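Listed below, chain by chain, are the residues.
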Amino acid sequence: METHEYVNGEITVLWQPKKCIHAAVCVKTLPKVYNPKERPWLKPENATAEELKNQIDLCPSGALSYQFNTKK
């Protein structure tokens, strides 16, 4: 399944568009990060890793997920 990655320093947001049900929980929770009218529509640099994690945990479809980036 197609996955788009958006990196914000310590966290990478993963989006699988085919799983998205457009519930707009992401847009309502963090509008400074998620704006479907802009490209790219997802700007993880506009939130902390903790804010992103908390919001992604609310995604009802599982289209959004995350992974913490390891420091080398």
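Residues numbered from 1 in each chain as written. Predicted model: local features only at pLDDT ≥ 70, side-chain atom pairs only at ≥ 80, totals over all residues. Heavy atoms only, no water.

With an unreviewed UniProt entry as reference, the protein is termed (4Fe-4S)-binding protein, source organism Chryseobacterium indicum.

Asker: A description of the nonpolar core should follow, citing residues and the corresponding values.
Answerer: Within the largest apolar cluster, 17 residues are counted, with the highest numbers of intra-cluster contacts made by V13, V33, Y34, W41, L42, L52 and L64. Elements that contribute at least two residues to this core include exactly β2 (11-15) and α2 (49-56). Those residues within four positions of W41 in sequence are excluded, and the remaining contacts are Y6, W15, C26, V33, Y34, N35 and P36. (Core = buried A, V, L, I, M, F, W, Y, C linked by side-chain atoms within 4.5 Å. Buried < 20%, exposed > 50% of the residue type's maximum accessible area, 1.4 Å probe, protein only. Helix = DSSP H or I, 4+ residues; strand = E, 2+ residues; numbered from the N terminus. Contact = heavy atoms within 4.5 Å.)

Asker: So what's going on with the packing of aromatic side chains? Which residues, and what values?
Answerer: Summed over the entire model, instances satisfying the criterion amount to three aromatic pairs. A ring pair is formed by Y34 and W41, whose centres lie 5.5 Å apart and whose planes are at 45°; its orientation type is tilted. On the basis of relative accessibility, which here comes to 1%, the residue Y34 falls in the buried class. Cluster of aromatic residues (ring-pair linked, three or more members): W15, Y34 and W41. (Phe/Tyr/Trp six-rings, centres within 6.5 Å; stacked < 30°, edge-to-face > 60°.)

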